[in-house]
Amino acid sequence: MSRLPWTRWSALACAVLLAGCASPDPDGSTTEVTALVRGKTAGVDATMARAPTEATREAIAALLVPPLSAEAAVRIALLNNPSLQASLAALDISDADRVQAGRVPNPHFAIGRFTEGSKVEIERFLKFDVLGLLTLPWRARWAGQQSELARLQAAQDVVRTAADTRKAWIRAVAAGQTAQYMRDVKEAAEAGAELARRMARVGNWSKLQQAREQALLADATAQLARAEQAALASREQLTRLMGLWGAQAQYALPQRLPALPEALPASTDVEARALRERLDVRAAQLEARFVAQSLGYTRATGFINALDIGYGRNTTFNNANGERETKKGWEVELPLPVFDWGQGRNARAEGTYLQSVARVRAVAVQARSEAREAWHGWRTAHDLALHYRDEIVPLRKFINDEVVLRYNGMLASVWDLLGDVRMNIAAVNSSIDAQRDFWLADTDLQLVLTGTSPGGLSALQAGAPATSSEAKGH
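Being a predicted model, the structure only gives us computed values, none of them experimental. (Residues numbered from 1 in each chain as written. Predicted model: local features only at pLDDT ≥ 70, side-chain atom pairs only at ≥ 80, totals over all residues. Heavy atoms only, no water.)

Q: Residue-level account of the overall build of the chain, with values.
A: When you go through the chain residue by residue, the secondary structure sums to 13 helices and four strands. Buried positions account for 39% of the 474 residues belonging to the chain. A separation of at least 24 residues holds for 80% of the contacts in the chain among residues at least 6 apart in sequence. Entry remark: accessible area of the chain is about 26,000 Å², with carbon and sulfur atoms responsible for 57%. (Helix = DSSP H or I, 4+ residues; strand = E, 2+ residues; numbered from the N terminus. Buried < 20%, exposed > 50% of the residue type's maximum accessible area, 1.4 Å probe, protein only. Contact = heavy atoms within 4.5 Å. Areas by Shrake-Rupley, 256 points an atom, 1.4 Å probe, with all protein chains shown as cover.)

Structure, rendered in structure tokens:
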């Protein structure tokens, strides 16, 4: 006998042995996720986010001591968010499925004992799933591909959690600023109402004028209640994303949003960058490629989806004369394609492939559109925030200073002064809204270009809250 067959059998045996020795490697999966999201997680390693440990608890406690920054909030969320930990735990399931798919099918052993008078027959049969063994490389490759898709999905969950936390922090800080300014509005309204009450009591003010000031105070009180509730709701949303409760939820937030950048970096070919770097685009492309590769297997096993080879040994004992008879042999079992030739499975596989190709086009169209929309919203939000900071707020301050000078010179009434104060505070509130919208748009832009779809762009609302803030002032 030549050595070539032995070489082939040795190679097959080695492959089977290696497949049987494979074991789950959850740390390897999270390491790959870390590489996919590098630069988007405020320095948090995905392996640290898989489950809470004493080290992560100590790190969270240290981050909560000073006023909470946006980077610290993102770090806490990635270390402590239960939903994200559940998503990363799905990697363990996917990795276990990958290992299980690479295992050699277990043989089946059957034994039976039959009696007929003084005769006893013992039947032993060992059966092997040959088709499962032959398709083992494909099944292992397919499971590996599914594990790769699971890693891309986990990476999207990580960057989306980071972006959601950053936006929740921006909204919470901005809502706190707005609530503080609305307290100033109420104080100005209280001063006006008190002065009106005193003027009306001595007969220098009409009941109508007093009622108008009282109405302004009542409206300011209602607006303050709404602002404080909005601040509380924004803070609680941030708390949920960070997975905090109890004493940990008593963290302090900065009193102001970060300063606006004076100039924005030039951003070109945002569409190409989104198609090149977005994780959902990459996942859709890989899925289409994997489905295309599976078509060959489906067609090959369309009407023969099982093949078993068995070896049997039957021994018959005759207790009457003490004789023993042994029979042995083998059998092959496979389904006959009489009624089902696999047309349904083939059609389903082709439909799945067409669906995956269409999904790639849909994700690409969405990525291009979101990139354009986010970039224009980012630019518009920056221009609007600068306009409030450099034009409207300084102009309102100048007007307020002039009114104060005229009031000191007895050329303007106290009502002019109080009304101008309310207008000035309304302009500041609108400036806060515009500044908030810019940082939300900045977060959305980074997510759209390098992460995944945000589901809804915050920049769409840029400028809308300014009108409502001015209405509050009036």
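What follows picks up the thread again.
Q: I'd like a rundown of the packing of aromatic side chains, residues and numbers included.
A: What describes a pair of aromatic rings is the distance from one ring centre to the other and the angle between the planes of the rings. Enumeration over the complete set of coordinates arrives at one aromatic pair. Ring geometry for F438 against W439: centres 5.0 Å apart, planes inclined by 65°, an arrangement best described as edge-to-face. For W439, a relative accessible area of 17% translates into the label buried. (Phe/Tyr/Trp six-rings, centres within 6.5 Å; stacked < 30°, edge-to-face > 60°.)

Q: Give me the pattern of salt bridges: which residues, what numbers.
A: Taken as a whole and judged by the stated rule, the model has 19 salt bridges. Ionic pairing is found between E54 and R57, a salt bridge with its closest N-O pair at 3.7 Å. Residue E54 and its partner R57 are located together in helix α3 (residues 54–63), separated by three residues, close to a single helical turn. Classification of R57 as partly exposed rests on a relative accessible area of 45%. Through salt bridges with shared partners, one network takes in E194, R197 and R198. (Salt bridge = Lys/Arg side-chain N within 4 Å of Asp/Glu carboxyl O.)

Q: Can you tell me about the environment of E213, naming the residues and giving the values?
A: Mapped onto the elements, E213 comes out in helix α8 (residues 207–242). For the pair E213 and G192, spaced 21 residues apart in sequence, the C-alpha separation works out to 6.3 Å.

Q: Quick rundown of α8? Include the residues and the values.
A: Relative to the 52 Å expected for 36 residues at 1.5 Å per residue, α8 spans 52 Å between its end C-alpha atoms, a close match to the ideal helical length. Looking one or two residues past α8, G243 carries a phi angle of roughly 70°, positive in sign. (Expected span 1.5 Å × (residues − 1).)

Q: Residues and numbers for the packing of helix α7 (residues 136–201) against α8, please.
A: Interaxial distance between α7 and α8 falls to 7 Å at its minimum, and their mutual angle equals 160°. The pairing of α7 with α8 is recorded here as roughly antiparallel in orientation. Of the two possible hands of crossing, α7 and α8 adopt the one that is left-handed. (Axes fitted to C-alpha atoms, helices over the stretch in contact; angles between N-to-C directions. Parallel < 35°, antiparallel > 145°, perpendicular 65-115°, else oblique. Left-handed = near helix turned anticlockwise from the far one by under 90°.)

Q: Which residues make up the pairing of strand β1 (residues 108–116), and what are the values?
A: Along a regular strand, successive side chains alternate from one face of the sheet to the other. As defined by bridge partners, β1 adjoins strand β2 (residues 119–129) across nine bridges and the pair is classed as antiparallel. By the bridge assignment for β2, A110 is matched with F125. Hairpin connection from β1 to β2: two residues lie between these consecutive antiparallel strands, with G117 at a positive phi of about 65°. (Pairing = 2+ DSSP bridges.)

Q: Can you tell me about the environment of G377, naming the residues and giving the values?
A: Within the element layout of this structure, G377 appears in helix α11 (residues 343–408). Spatially, the C-alpha atom of G377 lies 9.9 Å from that of L440, the residues being 63 residues apart in sequence.

Q: Kindly report on the side chain of D280, identifying the contributing residues and their values.
A: On the secondary structure map, D280 appears in helix α10 (residues 279–300). When neighbours within four sequence positions are excluded, D280 is seen to be in contact with Q156, V363, G451, T452 and S453.

Q: Kindly report on the packing of helix α4 (residues 70–80) against α8, identifying the contributing residues and their values.
A: Between α4 and α8, the least distance of the axes is 7 Å, while the angle of their chain directions is 45°. The angle between the axes of α4 and α8 places the two elements in the oblique class. Listed contacts from α8 to A73, I76, A77 and N80 of α4 are L238, L241 and M242. The class makeup of the residues in the contact of α4 with α8 is six nonpolar, one polar and no charged. (Nonpolar A, V, L, I, M, F, W, Y, C, P; charged D, E, K, R; others polar.)

Q: Before we move on, can you summarise the environment of L386 with the specific residues and values?
A: Here L386 shows up in helix α11. What makes L386 buried here is its relative accessible area of 15%. Separated by 123 residues in the primary sequence, L386 and A263 place their C-alpha atoms 9.8 Å from one another. Once residues within four sequence positions are removed from consideration, L386 is found in contact with L260, P261, E262 and E391.

Q: I'd like to hear about the nonpolar core, residue by residue, with values.
A: Core analysis: the biggest nonpolar cluster contains 65 residues, and L68, W169, L238, M242, Y251, L253 and F438 have the highest contact counts within it. Residue contributions to this core peak at 14 residues, all from α7. Setting aside residues up to four positions removed in sequence, W169 forms contacts with L68, S69, A70, A73, L238, L253, P254, L257 and P258. In this structure, A175, A220, A227 and I425 belong to the second largest nonpolar core, which totals 12 residues. (Core = buried A, V, L, I, M, F, W, Y, C linked by side-chain atoms within 4.5 Å.)

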